[in-house]
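Summary of structural features
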Amino acid sequence: MIHCGSIVSHLPDKSKQRGSILVAVLVILMVLLTIFLSALTYCLSRYGQHIKDTNKTTASMLADAGIQRTLHNINNGQLFQSASTSLTPNNGEITTEVTAWGPYLLVRSTGGYANQSVTNTALIGSVPPDYFKAAITVTDENYPLMIAGDSRIYGDVNTGPQGLIPGRIKGEGVTSEEFHTGIVNIHQSLSVPHLNRDVLNQYQNEMNSRRTRIECTEHGSKVMGPESNVIFNNCNSIYIENNLIIDGSTLRQPTDIKSIFVNGTVEICGKSQISGLIEIMAEGSILVTDSAYLDEVILWAGDSVVIGSNTTFSGIAICSTEISVKDEATLLYPSMLLLSNMEVPSDAETSISLTSKGLLESTCYVSRDSSQDHSSQCLIYLDTASR
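Not measured: the values here are computed from a predicted model.

1. Regarding the side chain of Thr-58
Looking at the element boundaries, Thr-58 is found in helix α2 (residues 14–75). What makes Thr-58 buried here is its relative accessible area of 18%. Excluding residues within four positions of it along the chain, Thr-58 makes contact with Asn-90 and Tyr-113.

If you want it as structure tokens, here you go:
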């Protein structure tokens, strides 16, 4: 006997099968849709980033074009150009501004394209890097390069018509006949960059103008440590009534000029890092020590500037009496040491003294007004141990 009920109970439920297949299909579709949306989002993101990068590259090229155009104008005698904005055929924008930065011209050029903006800066008038291929270049046409003591020069020497000679410095003569290894290139007139006093005077005028626009005043002396940069961040022009110590502080100013005027002395120590368009003017002396790092900065002292210990300096130091680089301090291109506007007694000795054991890549310049008495002695003194 056959029981039909038993047969029916073992047959598959087709409605349940269809439901399972539908769920599986929906899951697969959801997975595929998720993959598709993720891929689409990724592609759109990559495309958007590509457009952004392309626009930023175009903006950077426009900024470079602004610097090149400004350089062309400077070469044609237009030293101090007012800020200008111009449109380009590709709907871009170029804004340029020229500011005196010590003895150099600082060009800030901003290129704008679509929604991107890039600002580039350039120091015009700095000595080109290949100028340092020779070990020493002396540009004086009236005096020779004199060498004394245990000093030895390894590398080529460029001099004026008086050449390189052994002599006596501070009573000490040459101790070795092999004081020079290399070629002496004697030039009747050296074609070298000269300090443009108009630019330096313009900088002084602009600096004095900034001094009249003090935004923050600190009474007494001030110590700026790692966590005390509020005044620096909030003010573009700061006046310190007495002395200033910058100890372990990080100060950066990439685009706009930041001015610190100090009525006393300045000490920069404790591995401080100062970079960008920062000018520090002291009525007294400026001492840079420990392992401080200074780049682009202008140090202007009424008395002396001393750069010592393991300091790395690639800025501009200006004073009227003495600049000393000692210990194991390093000077990097395009640093400049400048004695200028020396209102000193006629019998005084003023000098740039390089006695550091560190690497020295720098332009040393003595500049005095033609109306001043030239009977005072000015020296650029390079010690034996310097590299």
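2. Topic: the state of the cysteines
Counted by the stated rule, this structure contains one disulfide. Two residues share a disulfide in this structure: Cys-216 and Cys-235, whose sulfurs sit 1.5 Å from each other. Across the S-S bond of Cys-216 and Cys-235 the torsion is about -40°, and the bridge reads as left-handed. One end of the pair, Cys-216, is in strand β12 (residues 216–218); the other, Cys-235, is in the loop between α4 (230–234) and β14 (237–240), with 19 residues separating them in the sequence. Overall, the relative accessible area of 5% leaves Cys-235 in the buried class.

3. A short note on the pairing of strand β2 (residues 93–101)
In this sheet, β2 lies alongside strand β1 (residues 84–87) in antiparallel orientation, the contact comprising four bridges. Bridge pairing links Ser-86 to Ile-94 in β2. As consecutive antiparallel partners, β1 and β2 are separated by five residues, and within that stretch Asn-91 has a phi angle of approximately 70°, a positive value. Sheet analysis places β2 next to strand β3 (residues 104–113), joined by nine bridges and oriented antiparallel. Paired with Thr-99 across the two strands is Leu-106, which belongs to β3. Between the antiparallel neighbours β2 and β3 lie two residues, among them Gly-102 with a positive phi of about 65°.

4. Some words on unusual backbone geometry
Note the cis peptide between Tyr-333 and Pro-334, where omega equals 5°. The residue Pro-334 is located in strand β24 (residues 330–340) in this model. The phi dihedral of Ala-114 is positive, around 55°, even though this residue is not glycine. Relative to the helices and strands, Ala-114 resides in the loop between β3 and β4 (116–124).

5. A look at the pattern of salt bridges
Note on pairing: side chains with opposite charge can pair once their charged atoms come close. Applying the stated rule across the entire model yields five salt bridges. Measuring nitrogen to oxygen at the nearest pair gives 4.0 Å for the salt bridge that ties Asp-256 to Arg-108. With Asp-256 in strand β16 (residues 250–262) and Arg-108 in strand β3, this residue pair connects regions lying 148 residues apart in the sequence. Accessibility expressed as a relative area gives 44% for Asp-256, which makes it partly exposed. Its salt-bridge partner being Glu-218, residue Lys-222 comes within 4.0 Å of it at the nearest N-O pair. You can call Glu-218 partly exposed: its relative accessible area is 24%. One connected set of salt bridges, linked through shared partners, spans Glu-97, Arg-108 and Asp-256.

Cut-offs used in this document
- Residues numbered from 1 in each chain as written.
- Predicted model: local features only at pLDDT ≥ 70, side-chain atom pairs only at ≥ 80, totals over all residues.
- Heavy atoms only, no water.
- Helix = DSSP H or I, 4+ residues; strand = E, 2+ residues; numbered from the N terminus.
- Buried < 20%, exposed > 50% of the residue type's maximum accessible area, 1.4 Å probe, protein only.
- Contact = heavy atoms within 4.5 Å.
- Disulfide = S-S within 2.5 Å.
- Pairing = 2+ DSSP bridges.
- Salt bridge = Lys/Arg side-chain N within 4 Å of Asp/Glu carboxyl O.

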